[in-house]
Amino acid sequence: MMKKYGVCLRGERENIDLNYIGKKIKEMRLRKKRTQQQVADECGISKSLLSKIENGQTASAIATLSKISDALEVPLSWVLEEKPEQDLVLLPKSKRPSKIGDENMGYSYELLANRSQYTGIEPTIVHVTPKDLNVREELYTHSQDEFIFILEGSIYLNYDGEKHYMEKGDSAYFQGSKPHLFIPVNNDGAQVLTFFITNPMET
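Just so it is clear, the structure is predicted and the values come from calculations on it, not from any experiment.

1. Digging into the overall build of the protein
Then, in step 1: Helix and strand content of the protein: five helices and nine strands.
Then, in step 2: If you list the helices and strands of the protein from N to C, you get β-β-α-α-α-α-α-β-β-β-β-β-β-β.
Then, in step 3: Counting the 203 residues in the protein, one finds 45% classified as buried.
Then, in step 4: Long-range contacts, defined as pairs at least 24 residues apart, comprise 63% of the intrachain contacts of the protein with a sequence gap of at least 6.

2. Observations regarding the nonpolar core
Across soluble globular proteins, nonpolar side chains have a tendency to be buried as a group.
Then, in step 1: Among the nonpolar cores identified, the biggest contains 22 residues, and Ile 25, Leu 50, Leu 65, Ile 68 and Leu 72 are the most heavily contacted of them.
Then, in step 2: Mapped onto this core, the elements with two or more residues apiece are helix 1 (18-31), helix 2 (36-43), helix 3 (47-54), helix 4 (62-72), helix 5 (76-80) and strand 3 (107-111).
Then, in step 3: It is helix 4 that contributes the most residues to this core, five residues altogether.
Then, in step 4: Ala 61, Val 128, Tyr 159 and Leu 181 belong to the second largest nonpolar core, which has 18 residues in total.

3. Quick word on the pairing of strand 5 (residues 145-159)
Then, in step 1: Bridging between strand 5 and strand 7 (residues 171-175) involves five bridges; their strand directions are antiparallel. Its bridge partner being in strand 7, Phe 149 is matched across the sheet by Ser 171.
Then, in step 2: Judged from the six bridges that link them, strand 5 and strand 6 (residues 162-167) form a sheet pairing that is antiparallel. The residue of strand 6 that forms the bridge with Tyr 156 is Tyr 165.
Then, in step 3: Here strand 5 hands over to strand 6 after two residues, with Asp 160 in that stretch at a positive phi of 55 degrees.
Then, in step 4: The pairing of strand 5 with strand 8 (residues 180-184) spans five bridges and is classified as antiparallel. Pairing of Asn 158 across the sheet is with Leu 181, part of strand 8.

4. Let's talk about the pattern of salt bridges
Then, in step 1: Evaluation of the coordinates by the stated rule reveals four salt bridges.
Then, in step 2: Of the charged contacts, one joins Arg 29 and Glu 54 as a salt bridge, the two residues approaching to 2.6 Å between their closest N and O atoms. With a gap of 25 residues between them, Arg 29 in helix 1 and Glu 54 in helix 3 connect regions that are remote in the sequence.
Then, in step 3: Two residues, Lys 32 and Glu 73, come together in a salt bridge whose shortest N-O distance is 3.4 Å. Linking Lys 32 in the loop between helix 1 and helix 2 with Glu 73 in the loop between helix 4 and helix 5, this pair joins segments that are 41 residues apart in sequence.

5. Concerning the packing of aromatic side chains
Then, in step 1: One pass over the structure, following the stated rule, counts three aromatic pairs.
Then, in step 2: When the ring of Phe 147 is compared with that of Phe 195, the centres are 6.2 Å apart and the planes differ by 45 degrees; the resulting orientation is tilted. Taken together, the residues Phe 147 in strand 5 and Phe 195 in strand 9 (residues 190-197) connect sequence positions 48 residues apart.
Then, in step 3: By relative accessible area, Phe 147 is classed as partly exposed at 26%.
Then, in step 4: Positioned over the ring face of Tyr 156 is Lys 163, at 5.0 Å from the centre of the ring.

The rules behind each value
- Residues numbered from 1 in each chain as written.
- Predicted model: local features only at pLDDT ≥ 70, side-chain atom pairs only at ≥ 80, totals over all residues.
- Heavy atoms only, no water.
- Helix = DSSP H or I, 4+ residues; strand = E, 2+ residues; numbered from the N terminus.
- Buried < 20%, exposed > 50% of the residue type's maximum accessible area, 1.4 Å probe, protein only.
- Contact = heavy atoms within 4.5 Å.
- Core = buried A, V, L, I, M, F, W, Y, C linked by side-chain atoms within 4.5 Å.
- Pairing = 2+ DSSP bridges.
- Salt bridge = Lys/Arg side-chain N within 4 Å of Asp/Glu carboxyl O.
- Phe/Tyr/Trp six-rings, centres within 6.5 Å; stacked < 30°, edge-to-face > 60°.
- Lys NZ or Arg CZ within 6 Å of the ring centre and 35° of its normal.

Laid out in structure tokens, this is it:
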């Protein structure tokens, strides 16, 4: 049975095919001749969780999927995107669905492009969950550098043990390998334009 994960956006319900995402991860893992245990160990997750992700049995936080994509040496957007790659992608706002990895991650996110798996920039819009709904406390890490620009609202950027207040128009560039988290300031939430950037010196 095909499993879907549904989220609501602008009054419409968007379904994400977890089986499709899991199948892509499994196929790439097998292509790379990696075992589930090897990939799970590299990502710092359990083999059981990776198996559930590959079988479409669970949604996962974007940070976890980012670690899996790193281990498999493919961009995060390639893992998440459900459509075939194209040379030119025109994506109207009305047709761009919001996607969420799990209810406790503190974010939902929109992919802004479906590029080749060999490019090194991941453009997304991150929607920070309003303060009273956000239960996320664990910080994220990933191998890519990250550039952020606050589109709407305000956040505290918790980065490497320090809190930095950021509001609309502010930007930051930082190493994703250091612990970080977007913390909502109030119940208005926030929108953050984010670029995950693979450092060519590390590939």
